[in-house]
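Given next are the chains, with one letter for each unit.
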Amino acid sequence: MTHDISGRFLEVAPDVQSALARGEAVVALESTIITHGMPHPQNVATAREVETVVRGNGAMPATIAIIEGRIKVGLSDAELDWLGTASDVMKLSRADLPYAVATRRHGATTVAATMICAHLAGIRVFATGGIGGVHQGVEATMDISADLDELARTPVAVVCAGAKAILDLPRTLEYLETRGVPVVGYGTDRFPAFWSRTSDLPVPLRLDTPEAIADLIRTKETLGLTGGVLIANPVPQVDEISADEMTAFIDAAVTEAKARGVAGKAVTPFLLSYLFEKTGGRSLATNIALVKNNAALAARLAAALARTGI
Ligand code: PSU
Ligand code: MN
């Protein structure tokens, strides 16, 4: 079955393939952050820097995207460059991934779709910026990111900087608990809020080393519990924008999105670019710093998992 998928749809880059075959550490990276999350040219520069950080911390990077319907796990330099300015790239989650493959479209993978593709390729650790979550106003819109259900069903560990405060953070954590997803604060007792190191919410679980997280993942698997683990890694202090300062920007962004009738998949990209403008680019600088910080931890976690060989 897997063989059939590999032949027809899945293309794992040779260096990623050989690392996996040798049981070495590999870290998956998403592509929606490149196509819908950051402006050009910072998007491509960041994607490359993040790959370098993964290598520097002992793992092989595998950036994932769909190109002409092929699921690419590990992009070449040329493919990364192309993705940075390509138009007509779909933002793919679980619902539309098979459509993009079947109709030979180009697609960037969100957290949910990246988890699916990473798992198909046999990758267990994935670094991103922030996950999607329960949106503010969910009572009216029912907008809950498919990232949350994916975390409940697909066995990939996702390292993020918490969730953006453009979301409804208390409901996001409630939903993850309901769906049985362990949410681990890395060296923190507070759930990080992406640009800010802390929110006012306690993080459900806490671990302080990559080895301890690897142990949790192995234990979960051994117990036969399906689904992923979410690791929330606070942005480094020097790079953070405090929650106090971000709140006003975020409220304005959410109000503006509502006023313009922005809905569905367009919400997160709209809020990110609005905040980029309103903070004079500071939100992007913080975003870049936190993705790199997550890539480093993910690489160390993947290395810890590889060392024990299970
Ligand atoms: N966090 C970022 N930038 C992004 C995203 C998250 O800093 O671009 C993307 C991720 O790919 C995530 C997606 O999976 O936004 C969530 O979108 P939605 O809320 O539509 O599910
Ligand atoms: Mn949504």
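Residues numbered from 1 in each chain as written. Chains lettered and ligands numbered in written order. Predicted model: local features only at pLDDT ≥ 70, side-chain atom pairs only at ≥ 80, totals over all residues. Heavy atoms only, no water.

1. Topic: the nonpolar core
Working step 1: Residues V27, V73 and I131 are the most contacted members of the largest nonpolar core, which totals 108 residues.
Working step 2: Shared between two domains, this core holds at least three residues of each, these being domain 1 (1–123) and domain 2 (130–310).
Working step 3: Excluding residues within four positions of it along the chain, I131 makes contact with V111, D147, L148, L151, V158, C160, G162, A163, K164, L167, L176 and L230. (Core = buried A, V, L, I, M, F, W, Y, C linked by side-chain atoms within 4.5 Å. Buried < 20%, exposed > 50% of the residue type's maximum accessible area, 1.4 Å probe, protein only. Domains from an automatic or database assignment. Contact = heavy atoms within 4.5 Å.)

2. A word on the site of ligand 1
Working step 1: Neighbouring ligand 1 are 17 residues; E30, K91, V111, S145 and D147 lie closest to it.
Working step 2: S145 places a polar side-chain atom, nitrogen or oxygen, 2.7 Å from an oxygen atom of ligand 1.
Working step 3: In this structure, K164 approaches ligand 1 through a side-chain N or O atom, which is 2.9 Å from a nitrogen atom.
Working step 4: Out of a free accessible area of 480 Å², ligand 1 has 94% covered by protein chains.
Working step 5: Elements with a contribution of two residues or more to the shell around ligand 1: α3 (32–37) and α13 (267–278). (Near = heavy atom within 4 Å. Polar contact = N/O pair within 3.5 Å; in protein donor to acceptor, adjacent residues only side chain to side chain. Areas by Shrake-Rupley, 256 points an atom, 1.4 Å probe, with all protein chains shown as cover. Helix = DSSP H or I, 4+ residues; strand = E, 2+ residues; numbered from the N terminus.)

3. Considerations on the environment of D77
Working step 1: Structurally, the position occupied by D77 is in helix α5 (residues 77–85).
Working step 2: Assessed through its relative accessible area of 54%, D77 is described here as exposed.
Working step 3: Taking the C-alpha atoms as reference points, D77 and A152, 75 residues apart in sequence, are found 33 Å from one another.
Working step 4: At 3.1 Å, the side chain of D77 forms a polar contact with the side chain of R48.

4. Let's talk about the pairing of strand β3 (residues 60–67)
Working step 1: Taken across its eight residues, β3 has eight buried, putting it largely inside the fold.
Working step 2: Here β3 shows a buried face lined by M60, A62, I64 and I66 and a second buried face lined by P61, T63, A65 and I67.
Working step 3: Between β3 and the antiparallel strand that follows it, strand β4 (residues 70–73), lie two residues; E68 among them carries a positive phi value of about 45°.
Working step 4: The pairing of β3 with strand β6 (residues 106–109) spans two bridges and is classified as antiparallel. Bridge pairing links A65 to A108 in β6. (Pairing = 2+ DSSP bridges.)

5. Regarding unusual backbone geometry
For residues other than glycine, phi is negative in most cases, and the peptide bonds are mostly trans.
Working step 1: Omega for the peptide link from H40 to P41 comes to 5°, which places this bond in the cis form.
Working step 2: Checked against the element boundaries, P41 lands in the loop between α3 and α4 (42–56).

6. What to know about the domain arrangement of the protein chain
Working step 1: Domain annotation for the protein chain reports domain 1 (1–123) and domain 2 (130–310).
Working step 2: With 32 residues of domain 1 in contact, the opposing surface of domain 2 contributes 29 residues.
Working step 3: Of the roughly 2400 Å² buried between domain 1 and domain 2 on both sides combined, carbon and sulfur atoms contribute 70%.
Working step 4: When residues of domain 1 are sorted by the area they lose upon contact with domain 2, K91, R94 and M115 head the list and together hold 23% of the total.
Working step 5: Taken together, the connections running from domain 1 to domain 2 amount to three salt bridges.
Working step 6: When the shortest N-O distance is used, the salt bridge between E150 and R94 registers 2.7 Å.
Working step 7: Linking domain 1 with domain 2 are five residue pairs in polar contact (both at pLDDT 80 or more).
Working step 8: Elements with a contribution of two residues or more to the side of domain 1 that touches domain 2: β2 (26–29), α3, α4, β5 (89–92) and α7 (111–121).
Working step 9: Class assignment for the residues of the side of domain 1 that touches domain 2 results in 17 nonpolar, ten polar and five charged. (Buried area = accessible area lost by both parts, 1.4 Å probe. Salt bridge = Lys/Arg side-chain N within 4 Å of Asp/Glu carboxyl O. Nonpolar A, V, L, I, M, F, W, Y, C, P; charged D, E, K, R; others polar.)

7. With respect to the packing of α4 against helix α14 (residues 282–308)
Working step 1: Across the interface, α4 lies against α14 with an axial gap of 8 Å and an inter-helix angle of 25°. In this view, α4 runs roughly parallel relative to α14, as classed from their interaxial angle. When the axes of α4 and α14 are compared, the crossing they make is right-handed. The residues of α14 that touch α4, namely those facing Q42, T46, E49, V50, V53 and V54, are L284, I288, V291, K292, A295, A296 and A299.
Working step 2: When grouped by side-chain class, the residues that make up the contact of α4 with α14 number nine nonpolar, two polar and two charged. (Axes fitted to C-alpha atoms, helices over the stretch in contact; angles between N-to-C directions. Parallel < 35°, antiparallel > 145°, perpendicular 65-115°, else oblique. Left-handed = near helix turned anticlockwise from the far one by under 90°.)

8. Looking at the packing of aromatic side chains
Working step 1: In this structure the tally under the stated criterion is two aromatic pairs.
Working step 2: Here the aromatic rings of F194 and W195 are separated by 4.8 Å at their centres, their planes lie at 85°, and the arrangement is edge-to-face.
Working step 3: Note on F194: relative accessible area 1%, which makes it buried.
Working step 4: Note on W195: relative accessible area 1%, which makes it buried.
Working step 5: Sitting over the face of the ring of F194, K164 holds its NZ or CZ atom 4.9 Å from the ring centroid. (Phe/Tyr/Trp six-rings, centres within 6.5 Å; stacked < 30°, edge-to-face > 60°. Lys NZ or Arg CZ within 6 Å of the ring centre and 35° of its normal.)

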